[in-house]
Amino acid sequence: MHTTVEHELEAASLDEDSVSVTSVCPASAADEYAVPGFDAVAHLAAASLDVAMVSLVLDSGGAYWYSRDPDSRRPHALHPLYLEAARRGAGQVLPDIAADARYRDTPPLTGPLPAALRFFACEPVFTLNGRHVGALCVMDHAPRAGLDEAGREALRNAARLAGAGVVLGGYLGRTDPVTQLPHRSAFFEDLRARHKNGAQQARLIAIEVAPVERFNAFVRAMGFPYADELMRAVAARVQTWMPLDTHLYQVGATRFAAVLPEADRPLDDCQLDDLVSRLRAPFDCLDIPLTLQPGVGLLDLDVRRLDGTDPLRQVMSASHAAQRHPRGWALYERSQDERHRQEFFLVTELAAALTERTELYLQYQPRVRLSDGHCVAMEALARWRHPTLGEVAPGQFVPLAERAGLMRALTGWVLDRGVAQLAAWRREGYDIGLSINISNADFDADLVTRLQAVSSRHGVDPRALELEFTESTLLAHNDATSRHLAAVRELGAGIAIDDFGTGYSNLASLRQMPATCLKIDQSFVRAMDASPHDAAIVRSTAALAHDLGFRVVVEGVENRRIYDIVHRMACDEVQGFHVSRPLPAAAVPAWLDRAADGYHGGSGG
Ligand code: C2E
Ligand code: MG
Ligand code: MG
């Protein structure tokens, strides 16, 4: 006769020096998500070592128990002994726990009766690829002299088998291989079990800790081990906060969910604030500190009406929205959800458009040098013509691509298509350059490699290219940014600061960046002819930027009057509807031919 029970341990007690007894919650629906084969492994270990109890304790918060004694129950509390074993990467034998100074006063018990355990031995458990996930422990009521080599070997083999079971549990899709938390399907089983047990209402909580593009950026920059470690640390923090009797589920790479206890113990606002502040506190992961942007969503659900709804999706839409709230948590709102769904629709459509590449195209807007009216470059502007929605504005799909982690793919496409087009024009004898907009997500060491690859693929000198970064992108970055930018400069490509004036930077701080060109944002320019105030801003910014050594471009020149005003300023180039609207590629040669002897502020193209 034996029992196998899983419970969650309180990760707060993973403090190595702690000898306080940790309370644990009773078994619940998650008992079904046992490690496959654990019973058999534990049975073999108990028989060959002749011990009363065996446990598998995972460093992620799960514990599984096996006992040969029909009356014994799993311990009420997860003793620090197990917690320490789960964290150690090495085996340990305690011949007599009662003789050990650390545990003498708090002996581990097996049940309600004072049936203390005296003998303890453990071996670390590793997954097949060598990751340490916890320990297999054996315990007995009588102290022993130790463990002989045959005994140790038996325990090591059992630990190996348990490790294989942990991996198998992951393969079967029941537990997350990284955090060992049960998965989405288990979450739904938990919900349905509540319904079967007569519950009518349930409150769901979802926790999202990083926007997907940021998470992808971590993985790119730091590698999977860092991301895995981070998610384990997040899961541990959430678990220390969670009410007893509650199981945490991993429902996405950076997402967790739980069904909260019944309405007789509702959470108050302070508890939710507490959760958010725990998750906002920096994580010190593999000695690299990192701050996340958590969002906590809540949904009250009628469990009698589970069919036809997707409560997990709904509560995740609340957690997603909460990431942008100052408070960090939010209740589910239908209208918010509707927006989220539309956004989701657009994201999937955009992802498809990026694969098919038939709906995306580029337009090109000329940039003209004021001194002689020559067109120096074209700015490549992405366009998306959706088959049913029609033209979707870049102001809509560019931020969406950024949020959905699609930006690198989009930039990759623009770079390739734009540079190929530039190569064709240059072969036809048009001596112009090309500017390309680069977003936050593109900003890593890879950028230079991509730039280099695309210029050599199409045989274009990188000096003909200029990358435009917005002021906020540049400011959000650090030393690494300056290094990447310096590498771009070394390659010969130019760097422009786009939309200058919309952020909060001053020119002096931007001077630290190796930028070559500054584009004054059109919001100051468009009404310049009517607003002396705007004109003064543009004039003084242009003069200062010029003195600091930037080439100055004024964007948004919409009419002749503005063109003339700008002409008298310390400004090198202009771009705007007055010179030309963005043009389809096919229209560019004709426009260039017309402007061949210099554009002099005429009626525009
Ligand atoms: P931006 O880089 O500042 O591009 C200039 C925008 O101003 C373009 O809008 C252009 O059509 C518009 N524009 C140019 N002259 C005038 C004018 O005289 N008056 C007015 N009212 N507008 C003018 P568009 O094409 O809608 O693009 C908007 C923004 O979307 C761009 O601003 C850029 O930040 C972003 N974007 C566009 N294509 C890409 C891309 O391929 N990658 C990235 N990362 N961003 C892109
Ligand atoms: Mg631009
Ligand atoms: Mg701009």
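Residues numbered from 1 in each chain as written. Chains lettered and ligands numbered in written order. Predicted model: local features only at pLDDT ≥ 70, side-chain atom pairs only at ≥ 80, totals over all residues. Heavy atoms only, no water.

### Quick word on the coordination of the magnesium ion (ligand 3)
Alright, step 1. At this site the magnesium ion (ligand 3) is bound by D498 (OD), D499 (OD), E555 (OE) and E555 (OE), with donor distances of 2.0 to 2.6 Å.
Alright, step 2. The metal-metal distance between the magnesium ion (ligand 3) and the magnesium ion (ligand 2) is 4.1 Å, with D498 coordinating both. Of this pair, D499 sits in strand β21 (residues 494-500) while E555 sits in the loop between β23 (551-554) and α18 (560-567); the two residues are 56 residues apart in sequence, bridging distant segments of the chain.
Alright, step 3. Classification of D499 by relative accessible area gives partly exposed; the value is 25%. (Donors = N, O, S within 2.8 Å, 3.2 Å for Na, K, Ca; no water. Helix = DSSP H or I, 4+ residues; strand = E, 2+ residues; numbered from the N terminus. Buried < 20%, exposed > 50% of the residue type's maximum accessible area, 1.4 Å probe, protein only.)

### With respect to helix α17 (residues 532-547)
Alright, step 1. Counted at 1.5 Å a residue, the expected span for α17 with its 16 residues is 22 Å, and the 22 Å between its end C-alpha atoms agrees.
Alright, step 2. Here α17 has its buried residues at D534, A535, V538, T541, A542 and A545. Within α17, the buried residues cover an arc of 140° as seen down the axis, which keeps them to one side. In this structure, α17 carries P532, H533 and D547 as exposed residues pointing more than 90 degrees from its buried face. (Expected span 1.5 Å × (residues − 1). Arc of directions from axis to C-beta.)

### Regarding helix α11 (residues 407-427)
In an α-helix, one turn spans 3.6 residues; hence positions three or four apart end up facing the same way.
Alright, step 1. Taking 1.5 Å per residue, 21 residues should reach 30 Å; α11 reaches 30 Å between its end C-alpha atoms and fits that length.
Alright, step 2. A positive phi of about 100° marks G429, the residue just after α11.

### Concerning the site of ligand 1
Alright, step 1. Residues in contact with ligand 1 amount to 23 residues; listed here are only the nearest, R383, D498, Q522, E558 and F577.
Alright, step 2. Separating an oxygen atom of ligand 1 from a backbone N or O atom of F577 is a distance of 2.8 Å.
Alright, step 3. When contributions to the shell around ligand 1 are tallied by element, the ones reaching two or more residues are β17 (375-386), α10 (394-403), α11 and β21.
Alright, step 4. Sort the elements by how many residues they give to the shell around ligand 1 and β17 lands first, with four residues.
Alright, step 5. For the shell around ligand 1, the per-class residue count stands at nine nonpolar, six polar and eight charged. (Near = heavy atom within 4 Å. Polar contact = N/O pair within 3.5 Å; in protein donor to acceptor, adjacent residues only side chain to side chain. Nonpolar A, V, L, I, M, F, W, Y, C, P; charged D, E, K, R; others polar.)

### Brief notes about the coordination of the magnesium ion (ligand 2)
Alright, step 1. At 2.0 to 2.2 Å from the magnesium ion (ligand 2) lie its protein donor atoms, namely E379 (OE), N437 (OD1), E468 (OE) and D498 (OD).
Alright, step 2. In terms of primary sequence, the donors binding the magnesium ion (ligand 2) are separated according to E-x57-N-x30-E-x29-D.

### Here we look at the nonpolar core
Alright, step 1. M378 and V574 are the most contacted members of the largest nonpolar core, which has 81 residues in total.
Alright, step 2. Looking at this core, the element that brings in the most residues is α11, giving nine residues.
Alright, step 3. Residues contacting M378, with those up to four places away along its chain left out, are Y364, Q365, P366, W425, I432, G433, L434, S435, V588, W591 and L592.
Alright, step 4. V234, V238, F256 and L298 belong to the second-largest nonpolar core, a separate cluster that totals 33 residues. (Core = buried A, V, L, I, M, F, W, Y, C linked by side-chain atoms within 4.5 Å. Contact = heavy atoms within 4.5 Å.)

### Points about the side chain of Q314
Alright, step 1. The topology assignment puts Q314 in helix α8 (residues 311-322).
Alright, step 2. When neighbours within four sequence positions are excluded, Q314 is seen to be in contact with L299, Y332 and D337.

### What about unusual backbone geometry?
Alright, step 1. Positive phi outside glycine occurs at D50, with the angle close to 55°.
Alright, step 2. Inspection of the secondary structure assignment puts D50 in the loop between α1 (38-49) and β3 (53-58).

### What about the sheet that holds strand β11 (residues 255-260)?
Two pairing modes exist for strands in a sheet, parallel and antiparallel, and in both the strands are linked by backbone hydrogen bonds.
Alright, step 1. Taken together, the five strands give an open sheet; going across it, the order is β10-β11-β9-β14-β15, and neighbouring strands pair in mixed fashion. With one partner strand each, in any of the chains shown, β10 (249-252) and β15 (329-331) form the two edges of the open sheet. Averaged over neighbouring strand pairs, the angle between their axes works out to 25° when direction is ignored.
Alright, step 2. By the bridge criterion, eight bridges tie strand β9 (residues 201-208) to strand β14 (residues 295-302) in an arrangement that is antiparallel. Residue I205 lies in a different strand from β14, and its bridge partner there is L298.
Alright, step 3. Most of the contacts of helix α4 (residues 184-196) go to β11, to which it runs at about 10°, and overall it touches β9, β10, β11 and β14. (Pairing = 2+ DSSP bridges. Axes fitted to C-alpha atoms, helices over the stretch in contact; angles between N-to-C directions.)

### A short note on the packing of aromatic side chains
Alright, step 1. The final tally for this structure, using the stated rule, is eight aromatic pairs.
Alright, step 2. With 5.0 Å between their ring centres and 85° between their planes, W65 and Y82 make a pair best called edge-to-face. Highlighted residues: W65 in strand β4 (residues 62-67) and Y82 in helix α2 (residues 80-87), separated in sequence by 17 residues. In this structure, W65 and Y82 share a single accessibility class: buried. (Phe/Tyr/Trp six-rings, centres within 6.5 Å; stacked < 30°, edge-to-face > 60°.)

### Some words on the pattern of salt bridges
Alright, step 1. Under the defined criterion, the tally for this structure stands at 34 salt bridges.
Alright, step 2. Note that D300 and R203 form a salt bridge whose closest N and O atoms lie 2.8 Å from each other. Remark: R203 occurs in strand β9 and D300 occurs in strand β14; sequence separation between them is 97 residues.
Alright, step 3. The class for R203 is partly exposed, based on a relative accessible area of 21%.
Alright, step 4. Connected through salt bridges with shared partners, the residues R367, E379, E466, E468, K519, R551 and E573 form a single ionic network. (Salt bridge = Lys/Arg side-chain N within 4 Å of Asp/Glu carboxyl O.)

### Notes on the confidence of the model for the protein chain
Alright, step 1. When pLDDT is averaged along the protein chain, the result is 84, and 88% of the positions lie at 70 or above.
Alright, step 2. Looking at the elements of the protein chain, mean pLDDT is at its lowest for strand β2 (residues 22-23), recorded as 26, and at its highest for strand β25 (residues 583-584), recorded as 98.
Alright, step 3. The model gives residues 1-32 a pLDDT under 50, and that stretch makes 88 contacts with residues more than four places away or in other chains. (pLDDT = per-residue confidence, 0-100.)

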